[in-house]
Amino acid sequence: MSELNTPGTAVPLEQSPIAPKPPGRIRQALDSDIVYSYTRSPVTIIASIIALLLILMAVFAPLIAPYNPFNPASLNLMDGFTPPNSTSFSGNYFALGTDHQGRDVLSTIMYGLRVSLFVGALATLFAMAIGISLGLAAGYNGGTLDAVIMRIADIQLSFPAILIALLIFGIARGLIPPSQQEGAAVWVLIVAIGLSNWAQFARTVRGATMVERQKDYVSAARIMGVHPIVILVRHVLPNVMGPVLVIATIGLALAIIEEATLSFLGVGVPPTQPSLGTLIRIGQQFLFSGEWWILLFPAITLILLALSVNLLGDWLRDALNPKLR
Amino acid sequence: MLAFILRRLAQSVIVMLVVALIAFMVFRYVGDPIASMVGVDTRLEDQEIMRDRLGLNDPFYVQFGRFIGNAVRGEFGISYRLQQPVSQLILERLPATIELAFASALIALVFGVGLGVFTALKRGSWLSGFIMSASLVGVSLPTFLIGIGLIYIFAVELQWLPSFGRGQTVDLGFWRTGLLTESGLRSLILPAITLSLFQLTLIMRLVRAEMLEVMRTEYIRFARARGLSQRAIHFGHALKNTLVPVITITGLQLGSVIAFAIVTETVFQWPGVGSLFINSVQVVDVPVMAAYLMFIALVFVVINLLVDILYYVVDPRLRVDAAGGAK
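Here the residue numbers are simple positions, counted from 1 along each chain's written sequence. As they are written, the chains are lettered A onward and the ligands numbered 1 onward, keeping that order. Owing to the predicted nature of the model, reporting of local features is limited to residues with pLDDT of at least 70; listing and counting of side-chain atom pairs is limited to 80 or more, with chain, interface and lining totals taken over all residues. Side-chain metrics in this entry use all non-hydrogen atoms of the structure; hydrogen atoms and water are not considered.

## Overview of the overall build of chain A
Turning to step 1, where the next piece is worked out: The number of helices and strands found in chain A is twelve helices and two strands.
Turning to step 2, where the next piece is worked out: Helix numbering and strand numbering both begin at the N terminus, where a helix is a DSSP run of H or I of at least 4 residues and a strand a DSSP run of E of at least 2. Sequence-ordered secondary structure for chain A, helices as α and strands as β, is α-α-α-α-β-β-α-α-α-α-α-α-α-α.
Turning to step 3, where the next piece is worked out: Per-residue burial over chain A gives 46% buried out of 325 residues.
Turning to step 4, where the next piece is worked out: We call two residues in contact when some of their heavy atoms are within 4.5 Å. Restricting to contacts in chain A with at least 6 residues of sequence separation, those with at least 24 account for 70%. Exposure classes here rest on a 1.4 Å probe applied to the protein chains alone. A residue is buried below 20% of its type maximum, exposed above 50%, and partly exposed in between.

## Some remarks on the overall build of chain B
Turning to step 1, where the next piece is worked out: Counting its secondary structure elements, chain B contains 13 helices and two strands.
Turning to step 2, where the next piece is worked out: Each of the three principal axes of chain B carries a C-alpha extent, and together these read 90 × 65 × 35 Å.
Turning to step 3, where the next piece is worked out: Among the 327 residues that make up chain B, the fraction classed as buried is 43%.
Turning to step 4, where the next piece is worked out: Intrachain contacts of chain B at a sequence separation of at least 6 include 70% that bridge at least 24 residues.
Turning to step 5, where the next piece is worked out: Accessible areas in this description were obtained via Shrake-Rupley with a 1.4 Å probe; residue shielding takes into account the shown protein chains only. Carbon and sulfur atoms form 67% of the exposed surface of chain B, whose accessible area is close to 17,100 Å².
Turning to step 6, where the next piece is worked out: As used throughout, the charge tally considers Lys and Arg to be positive and Asp and Glu to be negative, leaving His and the chain termini uncounted. Charge positions are represented by NZ for Lys, CZ for Arg, CG for Asp and CD for Glu. Across chain B, the 26 positively charged side chains and the 21 negatively charged ones have centroids separated by 15 Å.

## Points about the nonpolar core
In a soluble, globular protein the nonpolar side chains are often hidden away together inside.
Turning to step 1, where the next piece is worked out: Put simply, buried Ala, Val, Leu, Ile, Met, Phe, Trp, Tyr and Cys residues joined by side-chain atoms within 4.5 Å make one nonpolar core. Membership of the largest hydrophobic core comes to 109 residues, with the highest contact counts inside it found for Ile280 of chain A together with Phe144 and Phe277 of chain B.
Turning to step 2, where the next piece is worked out: Top element by residues in this core is helix 12 (residues 286-314) of chain B. It accounts for 15 residues.
Turning to step 3, where the next piece is worked out: Where each domain starts and ends follows an automatic or database-derived domain assignment. Looking at this core, you find at least three residues from each of domain 1 (2-72) and domain 2 (93-326) of chain B.
Turning to step 4, where the next piece is worked out: Other than its neighbours up to four places away in sequence, Ile280 of chain A contacts Phe264, Leu295, Pro298, Ala299 and Leu302 of chain A together with Phe144, Leu145 and Ile148 of chain B.
Turning to step 5, where the next piece is worked out: In this structure, Met128, Val236, Leu237 and Ala248 of chain A belong to the second largest nonpolar core, which totals 18 residues.

## Some points on the interface of chain A and chain B
Turning to step 1, where the next piece is worked out: Between chain A and chain B, the residue contacts involve 31 residues of the former and 31 residues of the latter.
Turning to step 2, where the next piece is worked out: What gets called buried area is simply the loss in accessible area from a 1.4 Å probe that two parts show on being joined, summed for both. Between chain A and chain B the total buried area reaches about 2,900 Å² when both faces are included, carbon and sulfur atoms providing 84% of it.
Turning to step 3, where the next piece is worked out: The term salt bridge refers to a pairing of a side-chain nitrogen on Lys or Arg with a carboxyl oxygen on Asp or Glu at a separation within 4 Å. At the surface where chain A touches chain B, the tally comes to zero salt bridges.
Turning to step 4, where the next piece is worked out: Between N or O atoms, a polar contact is any pair within 3.5 Å; within protein, one atom must be a potential hydrogen donor and the other a potential acceptor, and residues adjacent in sequence are included only when both atoms are from side chains. For the pair chain A and chain B, the number of links is zero residue pairs in polar contact (both at pLDDT 80 or more).
Turning to step 5, where the next piece is worked out: Elements with a contribution of two residues or more to the side of chain A that touches chain B: helix 7 (161-175), helix 10 (228-265), helix 11 (276-284) and helix 12 (293-320) of chain A.
Turning to step 6, where the next piece is worked out: Per element, the largest residue contribution to the side of chain A that touches chain B is ten residues, and it comes from helix 7 of chain A.

## A closer look at the UniProt feature "transmembrane region" (unreviewed entry) in chain A
All names here are of chain A.
Turning to step 1, where the next piece is worked out: UniProt positions are given in the numbering used here, feature names are shortened, and annotations may be inferred rather than shown by experiment. UniProt records the feature "transmembrane region" (unreviewed entry) for residues 43-65, 115-140, 152-172, 184-205, 243-269 and 290-312 in the present numbering.
Turning to step 2, where the next piece is worked out: Structurally, residues 43-65 comprises 91% helix and 0% strand, and the distance from its first C-alpha atom to its last is 28 Å.
Turning to step 3, where the next piece is worked out: Its end C-alpha atoms 21 Å apart, residues 152-172 is made of 90% helix and 0% strand.

## A look at unusual backbone geometry
All names here are of chain B.
Turning to step 1, where the next piece is worked out: Phi at Gln269 is positive, roughly 50 degrees, even though this residue is not glycine.
Turning to step 2, where the next piece is worked out: Checked against the element boundaries, Gln269 lands in the loop between helix 10 (230-267) and helix 11 (273-282).
Turning to step 3, where the next piece is worked out: According to the relative accessible area criterion, Gln269 is exposed, its value standing at 53%.

## A look at helix 7 (residues 143-157) of chain B
Residue and element names in this part refer to chain B.
Turning to step 1, where the next piece is worked out: Spanning 15 residues, helix 7 covers 20 Å between terminal C-alpha atoms, matching the ideal 21 Å at 1.5 Å per step.
Turning to step 2, where the next piece is worked out: Two axes enter the bend calculation: one fitted to the seven residues ending at the residue in question, the other to the seven starting there, and the bend is the angle between them. The largest bend along helix 7 reaches roughly 30 degrees and is located at Ile151.
Turning to step 3, where the next piece is worked out: Residues of helix 7 that are buried: Phe144, Leu145, Ile146, Gly147, Ile148, Leu150, Ile151, Ala155 and Val156. Each helix should span, by expectation, one fewer than its residue count multiplied by 1.5 Å.

## What about the domain arrangement of chain B?
Interfaces are often sized by the accessible area lost when the parts come together.
Residue and element names in this part refer to chain B.
Turning to step 1, where the next piece is worked out: Partitioning chain B into structural domains gives domain 1 (2-72) and domain 2 (93-326).
Turning to step 2, where the next piece is worked out: Listed per partner, the contact involves 15 residues of domain 1 and 14 residues of domain 2.
Turning to step 3, where the next piece is worked out: Where domain 1 abuts domain 2, roughly 1,300 Å² becomes buried across the two surfaces, and 88% of that area is made up of carbon and sulfur atoms.
Turning to step 4, where the next piece is worked out: If you sort the residues of domain 1 by the area they bury against domain 2, Phe4, Arg8 and Met16 come out on top, with a joint share of 37%.

Here is the structure:
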């Protein structure tokens, strides 16, 4: 998208001796519409900073977390239910308090973010891979293949994603032997969420591909005898990526929420590897006894994450849509 | 009209058969039915005899046919977890879910249409702006967090409303209702609001968009010119013409509400079909999972069919199109 220039600047002609020197790549990127609309939207800037901070927190959790909440040796049950910003029984300081097992809430949130983002990102990539390949195939071939793929997508879109993910999760649970379930749970979750979200990608890519297919560059490549798969991957795919990126960003927010919901329902990641949803599930048990911090801080983190990614997706959709300029 | 309904009916039957096939595959191939019935010390020969007697060695289509036959009669076997017929389990819990779904649909419809009309007519006011941004935040928050938030405010802090269960229920013989007692109604409020919020924002945005469109049309301008009162124009002419898509969306959403009820029922420990399903997924109670899948598919198909027919009845243009198209 960076090759699009702002309406005011003329496209430099390289042959012409009087044309100004073409701007460098970085200059060109900074002049693009995307950057312009980014700097004009304070909400987007704040959202991206929050998202970036949360991602950094997740990536560097083992380095920056004050405690390791999953190392039983460092836990002290006497430290349980320490309120935020106070020193516990054993003399340690806990900025956001501890849960019933004496785990530092701040550290569990950092590790929980890791799991949430990992599952969300991989599930979105998985959905993207399936959706893009099926969408390209359907849009390029047309005919029966197109009809079958799109019918399946229609049916799947009319059911809520969470229900489909639950069913896939339940089936996978029955197929995997109990001894391996603990280790496989995260991967089952990724596949379940990914399979429940591919239809959006397929639909968009299919539509864009049908438009691109009519264009001359595709005909030219076809006449030159380029293999259809090469045409699709090297020529068509880059031209349909714009809308895909928008759906992927919003899809990431949806996948994170879906994972949190499944974990909250108790069918997500195992309790030994809690995600934000699991932490909220744990915290809910202490809502009535007054230990609000066990629930509140993971909940705020999840809201911030989902909201900031969602806002970025909304902005990206508007920024890439030429009709709204 | 009849041909149209018959065609839609045939499509519905095909969808149900496909779902039944999936449910059957789940039922038959996830885990070993024999292994889940007998202990490890049953002899292999006895297991083989049982397998034969239960017809598990029959060809695929015979078993599938039997499954369909049982499903039509509402028989899905015995729950592994609760040791009761699945059909009985679902029927027992169905009233709770249906009452919850309808209460939330009612809230969503009343407030959604009301707020939608308000934000469309008072487009510039700060209150509409506030409602619109609040709805955006509401959409991006997960349902279970909204539920927990409501519990915290109204049950823990203010202690106005109960936070779990259905309260006292009255047994009408075939239907156990919570709508006739005070505690039952009070218990319904928080879950119904939680479940309605997503639909509410959807309906609100739809009504607002439709209203803005309709208000620009010629016949509204003509109604103004005739000197009709504002109220007659807004509600008699404009709103009436926005309702067709609203009915469709509400109807189609009712199916997903029943599915979304899973989350709400878990948060509020509501004894409905959704919580039954989630407990079955946790312990891989296959008969209940298969039955729930069939049940949800049936709800979706029936609602889709009703909405299509309703659409046909409400919108005269469709009737003309169909008559022309059918030849």
